[in-house]
Amino acid sequence: MPRAARISAVSVVASNSILTVTPYERRYRPDLLALLEYSYQRHTHLDWYEPDEWVDNVAGLTRLAFRGTHLVGLMAATLPVFGASWIRMVALADGTTETEVLEQLWASTAAALRQAGTRECWVLMLEPWFEYYMPLLDMTEAERLVTLRREGDPLPERPPSRIAVEFARLEDVDAMTAVDQAAFATPFQMTTQDMRRAYRFAALSSVARVDGRIVGYQLSTRHGDQGHLARLAVSPSMQGQGIGAALVCDMTAAFLRRRVELVTVNTQISNTRSLSLYTACGFTRSGFDLPIYRALL
C-alpha cells in the first residue's frame with residue numbers, strides 16, 4: 001500500500017470519538033504494522049523478532065485502542081514465564097491523547113495478564129518518551145541494564161581442563177534452555193521457543209560440556225564489524241570453575257578470526273558475578289546503561 005494510504009491509519013482523529021480497547025485480531029495486522037512504522041511514539045523490545053514475526057509467531061497478548069474506527073494505540077506483552085511478563089511493543093498515533101490511550105491500554109493489558117497468571121510486568125526502557133509515562137502504569141525502576149565493550153587482543157589461551165567448548169547444535173537447544181532457566185532469575189529466563197529462535201539467528205553459538213553434559217552456552221550476533229555477546233549462562237552448580245571464561249575466550253577468538261575486534265555485552269547491574277567475569281575478560285563499561293521498570297500485578 002502507498003505511504004500516503006498507510007499514514008492515514010495513524011492520522012489524528014476527532015478527540016470526541018469514543019475510545020475503545022479490544023484484543024488483537026489478524027484482520028488488524030496491516031494497521032498495527034503501519035502504526036508501528038509511522039508513529040513517532042513507539043517502543044519495541046523484540047530481541048530476535050521483527051514486529052510482523054512477533055505478531056504472527058509468538059504467543060503474546062496484544063491490545064488495540066480505537067477512536068471510532070481509527071487505530072490510535074497498541075500494547076503487546078508476553079504471556080507469563082515463571083509469573084513474569086514483558087511489554088514488547090507500544091505505539092501511539094501521532095496527535096492522540098497519550099495519557100488516556102495509555103491508561104486504557106494498560107488497564108486492559110494488566111487485567112488480561114493477571115488472568116493469565118502474571119504477577120509482575122517488566123519494561124526495558126529503550127525510549128525516553130515512554131519513560132515519562134511509567135508512573136501512569138504504576139511502574140518503578142527495579143533494575144538497570146549495564147552495557148560493556150571489549151576491543152583488541154585475544155584473551156590468554158585456556159589451560160587444558162575437563163571443560164570442552166564446541167559448536168552448539170540444534171539438538172542442544174533444550175539443554176541450553178534448561179541451563180538458562182536455572183542460571184537466571186525471573187524475569188530474565190528464555191523460553192525454548194526464544195532459544196531456538198536465538199540459535200538460528202546467532203553468528204556464533206557454542207556450548208561448554210563437562211563429562212559430556214552441557215553446563216554452559218553462549219550465543220553471539222554480528223553487525224558488520226561489531227560482535228555482540230547476546231547471551232551467556234552457566235549452570236549454577238558449575239559456576240566459579242572457569243566455564244564462563246572459557247566460553248568468552250572461545251567467542252572472542254572466533255570473532256577475531258573473522259576480523260571482528262569490537263565485542264559488546266549487556267548484563268544486569270545486580271548480576272555481580274557476570275560483571276566480574278566480563279571485567280576480568282577485558283570488558284569495560286560503555287556508559288550507555290538502561291533502566292528496567294516493573295509493575296507488580
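Below is a short write-up of the structure. All figures in this text were calculated on a predicted structure; none of them were measured in a lab. (Residues numbered from 1 in each chain as written. Predicted model: local features only at pLDDT ≥ 70, side-chain atom pairs only at ≥ 80, totals over all residues. Heavy atoms only, no water.)

1. Digging into the pattern of salt bridges
Line of reasoning, step 1. Using the criterion set out here, one finds 17 salt bridges in the structure.
Line of reasoning, step 2. Note that Asp56 and Arg26 form a salt bridge whose closest N and O atoms lie 2.9 Å from each other. In this pair, Asp56 is assigned in helix H3 (residues 51-57) and Arg26 in the loop between strand E1 (19-23) and helix H2 (29-38), connecting sequence segments 30 residues apart.
Line of reasoning, step 3. The class of Asp56 is partly exposed, set by a relative accessible area of 35%. (Salt bridge = Lys/Arg side-chain N within 4 Å of Asp/Glu carboxyl O. Helix = DSSP H or I, 4+ residues; strand = E, 2+ residues; numbered from the N terminus. Buried < 20%, exposed > 50% of the residue type's maximum accessible area, 1.4 Å probe, protein only.)

2. Brief notes about the pairing of strand E9 (residues 204-210)
Line of reasoning, step 1. Taken across its seven residues, E9 has seven buried, putting it largely inside the fold.
Line of reasoning, step 2. Burial along E9 is two-sided: the face carrying Leu204, Ser206, Ala208 and Val210 and the face carrying Ser205, Val207 and Arg209 are both buried.
Line of reasoning, step 3. The sheet contact formed by strand E8 (residues 163-167) and E9 spans five bridges and is antiparallel. Bridge pairing links Phe167 to Ser206 in E9.
Line of reasoning, step 4. As paired strands, E9 and strand E10 (residues 213-223) are joined by seven bridges and run antiparallel to one another. Its bridge partner lying in E10, Arg209 is registered against Ile214. (Pairing = 2+ DSSP bridges.)

3. Here's the deal with the packing of aromatic side chains
Line of reasoning, step 1. For the coordinates displayed, the defined rule picks out eight aromatic pairs.
Line of reasoning, step 2. On the numbers, 6.1 Å between centres and 40° between planes, the contact of Trp86 with Trp122 is tilted. Here Trp86 is found in strand E5 (residues 84-92), whereas its partner Trp122 is found in strand E6 (residues 120-124), with 36 residues between them in sequence. For the pair shown, Trp86 and Trp122 are each scored as buried.
Line of reasoning, step 3. Seen from their ring centres, Tyr278 and Phe283 are 5.7 Å apart, and the 65° between their planes marks the pair as edge-to-face. Phe283 matches Tyr278 in its accessibility class, with the two residues each being buried.
Line of reasoning, step 4. Members of the aromatic cluster, connected to one another through ring pairs, are Trp129, Phe130, Tyr132 and Tyr133. (Phe/Tyr/Trp six-rings, centres within 6.5 Å; stacked < 30°, edge-to-face > 60°.)

4. Focus on unusual backbone geometry
Line of reasoning, step 1. For the bond running from Thr186 to Pro187, omega is 15°, close enough to zero to count as cis.
Line of reasoning, step 2. Inspection of the secondary structure puts Pro187 in the loop between helix H6 (173-183) and helix H7 (192-201).
Line of reasoning, step 3. The backbone phi angle of Asp138 is positive, close to 55°, even though this residue is not glycine.
Line of reasoning, step 4. Relative accessible area serves as the criterion here: at 61%, Asp138 is assigned to the exposed category.
Line of reasoning, step 5. Located in the positive-phi region is Asp211, a residue other than glycine, with phi close to 55°.

5. Describing the side chain of Glu143
Line of reasoning, step 1. Within the secondary structure layout, Glu143 lies in strand E7 (residues 140-151).
Line of reasoning, step 2. For the buried Glu143, no salt bridge is present, and the opposite-charge side chain at shortest range is Arg144, 7.8 Å distant.
Line of reasoning, step 3. Looking at Glu143, its side chain comes within polar contact range of the side chain of Ser270, at 2.4 Å. (Lys, Arg positive; Asp, Glu negative; His and termini not counted. Polar contact = N/O pair within 3.5 Å; in protein donor to acceptor, adjacent residues only side chain to side chain.)

6. Regarding the packing of H6 against H7
Line of reasoning, step 1. Closest axis-to-axis distance for the H6/H7 pair is 9 Å, and the angle between their directions is 120°. Classified by the interaxial angle, the pair formed by H6 and H7 is oblique. The two elements H6 and H7 cross, and the hand of that crossing is right-handed. Taking contact as the criterion, the partners of Val173, Asp174, Met176, Thr177 and Asp180 in H6 are, on H7, Thr192, Met195, Arg196 and Tyr199. (Axes fitted to C-alpha atoms, helices over the stretch in contact; angles between N-to-C directions. Parallel < 35°, antiparallel > 145°, perpendicular 65-115°, else oblique. Left-handed = near helix turned anticlockwise from the far one by under 90°. Contact = heavy atoms within 4.5 Å.)

Read these as geometric descriptors, not functional statements.
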